[in-house]
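# Geometric and topological summary
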Amino acid sequence: MKFPYTEKVLEHFKNPRNVGKMEDPDGKGLEGSPACGDMVAVYLQVDPDTKVIEDIKFESYGCASNIATASIITELAKGKTIEEAKKITWQQATEELGGLPPVKAHCSVLAVEGLRASIRDYEEKHGLVTEKEPTTTDVVRSRLKHVMNPMAGLDIIKTELVTKIDVNDGTVRLLIDLPSDHQFATAIKEDINEKLESLWDVTDISVVFTE
Ligand code: FES
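All of these numbers come straight from a predicted model, not from anything done at the bench.

By the secondary structure assignment, isoleucine 205 is in strand E8 (residues 204-210). Considering only alpha carbons, one finds isoleucine 205 and serine 33, 172 residues apart in sequence, at a separation of 27 Å. Isoleucine 205 has contacts with Val172, Asn193, Leu196 and Glu197, leaving out every residue within four places of it along the chain.

Strand E2 (residues 39-46) sits mainly inside the fold: 7 of its 8 residues count as buried. Relative to E2, strand E1 (residues 27-32) runs antiparallel, the two sharing 6 bridges. Bridge pairing links glycine 27 to leucine 44 in E2. The hairpin turn running from E1 into E2, its antiparallel successor, is 6 residues long, and glycine 37 in that turn takes a positive phi close to 85°. Where E2 meets strand E3 (residues 53-60), 7 bridges bridge the pair, whose relative direction is antiparallel. By the bridge assignment, leucine 44 is partnered in E3 with isoleucine 56. Between E2 and E3, which follow one another and run antiparallel, lie 6 residues, and lysine 51 among them has a positive phi close to 60°.

Spatially, E1-E2-E3 is the arrangement adopted by the 3 strands of the open sheet, whose pairing is antiparallel. With partners counted over all chains shown, the strands left at the sheet margins are E1 and E3, one partner each. When the angles between neighbouring strand axes are averaged without regard to direction, this sheet yields 15°. Across the sheet, helix H5 (residues 105-125) lies against E1, E2 and E3, angled at about 145° from E1, the strand it touches most.

Here the focus is the side chain of aspartate 47. Turning to its location among the elements, aspartate 47 is positioned in the loop between E2 and E3. Despite its burial, aspartate 47 remains without a salt bridge, the nearest opposite charge being carried by lysine 51 at 6.8 Å. For aspartate 47, the side chain forms a polar contact with the main-chain nitrogen of threonine 50, separated by 2.9 Å. In contact with aspartate 47, other than residues within four places in its own chain, are Val52, Glu54 and Tyr122.

We now examine helix H6 (residues 137-144). Inspection of H6 places Val140, Arg143 and Leu144 among the buried residues, and these make up the whole buried set. The arc that holds every buried residue of H6, seen down its axis, measures 95°, which confines them to one face.

Glancing now at the sheet that holds E8. If you walk across this open sheet you meet the 3 strands as E6-E7-E8, and the pairing is mixed. Pairing within the sheet leaves two strands with one partner each, and these edge strands are strand E6 (162-168) and E8. Strand-to-strand twist across the sheet, computed as the mean angle between neighbouring axes with direction ignored, equals 15°. Sheet topology places E6 next to strand E7 (residues 171-179); 6 bridges connect them, and they run antiparallel. Bridge pairing in E7 places aspartate 166 opposite arginine 173. Helix-sheet contacts for H6 involve E6 and E7, and the interaxial angle to E6 is about 135°.

With respect to the secondary-structure elements, glutamate 31 resides in strand E1. With residues near it in sequence (within four places) discarded, glutamate 31 still touches Asp38, Met39, Val40, Leu110, Glu113, Gly114, Ala117, Arg120 and His146.

Here the focus is unusual backbone geometry. Of note in this structure, asparagine 18 is not a glycine but carries a positive phi near 55°. Tracing the chain through its elements places asparagine 18 in the loop between helix H1 (7-14) and E1. For asparagine 18, a relative accessible area of 17% corresponds to the buried category. The phi dihedral of aspartate 24 falls on the positive side, at around 50°, and the residue is not glycine. Mapped onto the secondary structure, aspartate 24 falls in the loop between H1 and E1. Looking at aspartate 24, the relative accessible area reads 73%, which means it is exposed.

What counts and what doesn't
- Throughout, residues of each chain are indexed from 1 in the direction in which the sequence is written.
- Local features in a predicted model are, by the rule used here, given only for residues with pLDDT of at least 70; side-chain atom pairs are given and counted only at 80 or more, and totals for whole chains, interfaces and linings are based on all residues.
- In computing side-chain values, all of the structure's heavy atoms are included and hydrogens and water are not.
- Segments assigned H or I by DSSP are reported as helices when at least four residues long, segments assigned E as strands when at least two residues long, and all are numbered from the N terminus.
- Whether two residues are in contact is decided by their heavy atoms: any pair within 4.5 Å suffices.
- Only protein chains enter the accessibility calculation, which uses a 1.4 Å probe; a residue is then buried when its area is under 20% of its type maximum, exposed when over 50%, and partly exposed in between.
- One requirement defines pairing of two strands: DSSP has to find at least two bridges between them.
- Here the axes come from fitting lines to C-alpha atoms, over the contacting stretch only for helices, and the angles between their N-to-C directions go from 0 to 180 degrees.
- Note that His is not counted, nor are the chain ends; the positive residues are Lys and Arg, and the negative ones are Asp and Glu.
- Only one rule defines a salt bridge in this text: a Lys or Arg side-chain nitrogen within 4 Å of an Asp or Glu carboxyl oxygen.
- Identification of polar contacts relies on pairs of N or O atoms within 3.5 Å, with a donor-acceptor requirement for protein atoms, meaning one able to donate a hydrogen and the other able to accept it, and with residues adjacent in sequence counted only if both atoms are side-chain atoms.
- As used here, the arc is the angular range of directions from the helix axis to the C-beta atoms.

Now the structure itself:
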């Protein structure tokens, strides 16, 4: 059987570079693809003075194309400043791989979105965001699309685990349709806190589970 992939895609798929989790990263991004529901996580270590990406790692829960693209973007991003790395596009990554089948374009988009999310996280955590939009329920909802529902393998918005979002004067209040003693309740709460606490105007996060 002939694969519709270039040698380079297959090589990066079989021997992905910079794969794995990073402990205490300076920035971390988790993105899901609306097209297929797969996910990718990207971790960064950044020099605080030069803003150069000194180390980068990824974990992919996606397909061969996603693994190959994530692998190549880590190679492209390593050694670049975060401003330079922001300009890496999925087209550029695809080109570096010698092309991908058109039906697989969303897989490389997912990898690049993961990189951008990790850079955004770094910038937020290090006070580098200049355009500060006020946090709204839409902003919170879009952040929560990056929190997994471990029971479904999809995010907590898509799986309707979040039944209410209130944002008022720096306080975010969420209602989660899960008993507080559920085995995943603590993990979900921690993940929610992590995704929301870097929002510049959020001072308090209250996650309320159903009884
Ligand atoms: Fe989901 Fe490729 S099919 S990442």
